[in-house]
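# Summary of structural features
Each chain, written out:
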Amino acid sequence: MMNGMFPVATVKEIKLAKDYLKQYRDIKNKLELFERNPPTTDEQKKIQLSLTKFTSLIENAVEQVVDPNVKAIVEFRFIKGNSRAATILRFSGWNYCDKTLDRKLEEGVVSVANTLLYFE
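Just so it is clear, the model here is predicted, and its values are computed rather than measured. (Residues numbered from 1 in each chain as written. Predicted model: local features only at pLDDT ≥ 70, side-chain atom pairs only at ≥ 80, totals over all residues. Heavy atoms only, no water.)

### Details of the overall build of the chain
What counts here: By definition, any uninterrupted DSSP run of H or I lasting at least four residues is a helix, any uninterrupted run of E lasting at least two residues is a strand, and each is numbered from the N terminus. Remark: exposure states derive from per-residue accessible area (1.4 Å probe, protein chains only) relative to the maximum for the residue type, with buried under 20%, exposed over 50%, and partly exposed in between. The contact criterion used throughout is that any non-hydrogen atoms of two residues lie within 4.5 Å. For the area figures, the Shrake-Rupley method with a 1.4 Å probe applies, and any residue is considered shielded solely by the protein chains shown. Neither His nor the chain termini are counted; the positive set is Lys and Arg, and the negative set is Asp and Glu. Charge placement uses NZ in Lys and CZ in Arg. For Asp and Glu, CG and CD serve respectively.
Scanning the chain for helices and strands turns up five helices and zero strands. Its helices and strands taken in sequence order, the chain reads α-α-α-α-α from the N to the C terminus. Each of the three principal axes of the chain carries a C-alpha extent, and together these read 50 × 40 × 20 Å. For the chain, the proportion of its 120 residues judged to be buried stands at 33%. Long-range contacts, defined here as pairs at least 24 residues apart, represent 66% of the contacts in the chain between residues at least 6 apart. Approximately 7,800 Å² of the chain is accessible, and the part contributed by carbon and sulfur atoms is 55%. Put simply, the chain has 19 plus and 16 minus side-chain charges, and the middle of one group is 3 Å from the middle of the other.

Structure (structure tokens):
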């Protein structure tokens, strides 16, 4: 009934979303640096605005992940900036093996990629 109404991310777009998620923590740290040391030049202000837009975009896309387990895993791994090993350790109590966690992460990345299609 609603097939075709919602765009679906391509393999390339999914890879790009994963790259964005991997960059998120570094960019968020730079933005926090600007918050501690406000920009003084126009160029710095443009950079700060760009970083703010990027982090907001990623945060909003992650917030749209429907499955709460997938969302929790994506947030822990990418938003909080933990390693794959730390993520596996953290969620081992859920009786998920590492392959299951990888699949859940991939589901989250695909969800983020699909959401980014609406925001970009």
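### Details of the nonpolar core
So the rule is basically this: We call a set of buried Ala, Val, Leu, Ile, Met, Phe, Trp, Tyr and Cys residues a nonpolar core when their side-chain atoms join them within 4.5 Å.
In this structure, Leu21, Ile58, Val62 and Val112 are the most contacted members of the largest nonpolar core, which totals 29 residues. For this core, the elements supplying multiple residues, two or more each, are helix H1 (11–36), helix H2 (42–63), helix H3 (68–79) and helix H5 (98–119). Among the elements that make up this core, the one with the highest residue count is H1 (seven residues). With sequence-adjacent residues up to four places away left out, Leu21 is seen in contact with Ile58, Val62, Phe78, Val109 and Val112.

### A short note on the packing of aromatic side chains
Rules: The aromatic pairing rule takes the rings of Phe, Tyr and Trp, using the six-membered ring of Trp, and pairs them if the centres are within 6.5 Å, calling planes under 30 degrees apart stacked, those over 60 edge-to-face and the rest tilted.
Counted by the stated rule, this structure contains four aromatic pairs. Pairing Phe76 with Phe91 gives two aromatic rings, centres 5.6 Å apart and planes at 90°, and the pair type is edge-to-face. A residue pair is termed long-range when its members are at least 10 positions apart, and Phe76 in helix H3 and Phe91 in the loop between helix H4 (84–90) and H5 qualify at 15 residues. Judged on exposure class, the residue Phe76 and its partner Phe91 are both buried. Ring geometry for Trp94 versus Tyr96: centroids 5.7 Å apart, planes at 85°, classification edge-to-face. Ring pairing ties together the aromatic residues Phe76, Phe91, Trp94 and Tyr96, which thus form one cluster.

### A word on the environment of Ser56
Take Ser56: it is sitting in helix H2. The class of Ser56 is partly exposed, set by a relative accessible area of 31%. Ser56 sits 52 residues away from Gly108 along the chain, and the two C-alpha atoms are 17 Å apart.

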